[in-house]
Amino acid sequence: MTAALSVVLALLAAFGNAAASVLQRRAAAEERPPPSARRAAWLVGLLHRPVWLWGAGALVLSGVCQAGALATGPLAVVQPVMTTELLFTLVVGSAVFHHRPDRRTWWAFFAMAAGLAAFMRLAEPSRGSSTVPDGRWVPVALGVLVVGAALMAVGSRLRSAPRAAVFGTATAIGFSCTAALMKDAIGILADGGVGDFLTTWQTYSVAVVGLGSFLLLQMTLRAGTLVASQPALTLGDALLSVILGIVLFDEHIALGVRILPEAVALAVLVLGSVQLARSPVISGENEEQMW
């Protein structure tokens with residue numbers, strides 16, 4: 001029952017992220033951006049649009065659902081399920097922007113869904129501890145900082161698609177670490193109460209790392225097309241979350257003879273996400289002309 005609740009909440013969180021993205025993109029398409037000198041006035045205009053506010057509300061609801069999912073299920077389940085945001089974006093975006101996906105896009109939709117379902121069924125992630133034991137965060141944090149800094153240094157020397165792919169990998173690392181910190185903070189809240197939750201460093205690290213990851217995402221999207229960055233964003237977040245679940249929370253996944261079919265399932269997931277990223281509904285292309 002707990003595992004099922006975690007999956008449902010993760011799906012709701014993914015839907016909330018997708019709805020927020022589509023609704024706020026619609027508001028931005030309606031409120032045509034002015035010259036840079038009046039950019040602040042444009043942002044204020046967005047704040048007065050009900051569609052944009054509904055998108056902001058969906059984003060808040062998504063965060064609540066993700067927190068609930070992490071509180072009731074393994075990190076290795078929640079973050080891979082969150083990749084369904086791309087699927088929900090296609091559905092919501094098609095309805096909002098009145099853009100009917102073609103047959104290839106629908107095949108990509110089902111391929112991504114099938115790849116995710118197959119991977120979760122084969123891996124069978126199991127729940128570990130609710131909090132991270134003392135001392136484990138230090139080596140993980142150092143490793144993440146070193147790898148992240150190296151990726152940003154390499155990416156800054158590249159152009160277009162390679163740059164977007166490298167920045168996307170760094171962004172995926174940030175999002176998976178944000179989820180791990182959130183899960184640890186929620187576990188501390190459940191075990192120690194509000195006092196411990198408000199005085200632990202994990203609580204405030206969620207905000208810092210989450211904001212940093214959001215800024216990295218903006219750099220990723222500016223660096224190149226979504227098609228270039230989506231594989232790293234999708235696979236990177238899912239895989240690193242599985243690894244962090246094992247290393248930090250003592251979660252387990254089935255390996256052995258299942259490694260090959262799991263790899264095939266992940267390949268199908270990534271190929272589906274790449275094809276979905278080509279859809280104008282996902283990438284946001286031509287939205288200004290639609291309004």
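Check the entry above for the structure.
Notes on the structure in this doc start here. What you are looking at is a predicted structure, and each value in this text was computed from that prediction instead of being measured.

Criteria and cut-off values
Residues numbered from 1 in each chain as written. Predicted model: local features only at pLDDT ≥ 70, side-chain atom pairs only at ≥ 80, totals over all residues. Heavy atoms only, no water. Helix = DSSP H or I, 4+ residues; strand = E, 2+ residues; numbered from the N terminus. Buried < 20%, exposed > 50% of the residue type's maximum accessible area, 1.4 Å probe, protein only. Contact = heavy atoms within 4.5 Å. Areas by Shrake-Rupley, 256 points an atom, 1.4 Å probe, with all protein chains shown as cover. Expected span 1.5 Å × (residues − 1). Arc of directions from axis to C-beta. Core = buried A, V, L, I, M, F, W, Y, C linked by side-chain atoms within 4.5 Å.

**Some thoughts on the overall build of the protein**
Consideration 1: Scanning the protein from N- to C-terminus turns up 13 helices and 0 strands.
Consideration 2: Mapped from its N terminus to its C terminus, the protein presents α and β elements in the order α-α-α-α-α-α-α-α-α-α-α-α-α.
Consideration 3: Burial statistics for the protein: of 291 residues in total, 44% are counted as buried.
Consideration 4: A fraction of 83% describes how many contacts in the protein between residues 6 or more apart in sequence connect residues 24 or more apart.
Consideration 5: Put simply, the protein shows about 14400 Å² of open surface, and 70% of that area lies on carbon and sulfur atoms.

**Some thoughts on the environment of L235**
Consideration 1: Mapped onto the elements of the fold, L235 is located in helix α10 (residues 226-249).
Consideration 2: Given the relative accessible area of 24%, L235 is considered partly exposed.
Consideration 3: The residues touching L235, leaving out its near neighbours within four places in the chain, are L266 and V270.

**Some thoughts on unusual backbone geometry**
Consideration 1: Of note, the phi angle at E124 is positive, near 45°, even though the residue is not glycine.
Consideration 2: Residue classification places E124 among the partly exposed positions, given a relative accessible area of 40%.
Consideration 3: Not every positive phi belongs to a glycine, and D250 is a case in point at roughly 60°.

**Brief notes about helix α6 (residues 103-123)**
Consideration 1: The end-to-end C-alpha distance of α6, which contains 21 residues, comes to 30 Å, matching closely the 30 Å that a straight helix rising 1.5 Å per residue would cover.
Consideration 2: Regarding α6, the residues found buried are T105, A108, F109, M112, G115, L116, F119, M120 and A123. For α6, the buried positions fall inside an angular range of 135° around the axis, keeping them on one side. Across from the buried face of α6, at angles greater than 90 degrees, the exposed residues are R103, W107 and R121.
Consideration 3: Close packing links the buried residues of α6 with α4 (75-82), α5 (85-96), α10 and α11 (259-277).
Consideration 4: E124 lies just past α6 and shows a positive phi near 45°.

**As for the nonpolar core**
One recurring pattern in soluble globular proteins is that nonpolar side chains are buried together.
Consideration 1: Among the nonpolar cores identified, the biggest contains 50 residues, and L244, L248 and L276 are the most heavily contacted of them.
Consideration 2: Of the residues forming this core, the biggest block, 9 residues, is contributed by helix α8 (residues 160-199).

**Quick look at α5**
Consideration 1: The end-to-end C-alpha distance of α5 is 16 Å, a good match for the 16 Å that 12 residues give at a rise of 1.5 Å each.
Consideration 2: Those residues of α5 lying buried are L86, L87, T89, L90, V92, G93, S94 and V96.
Consideration 3: H98 lies just past α5 and shows a positive phi near 55°.

Honestly, it's all geometry; don't read function into it.
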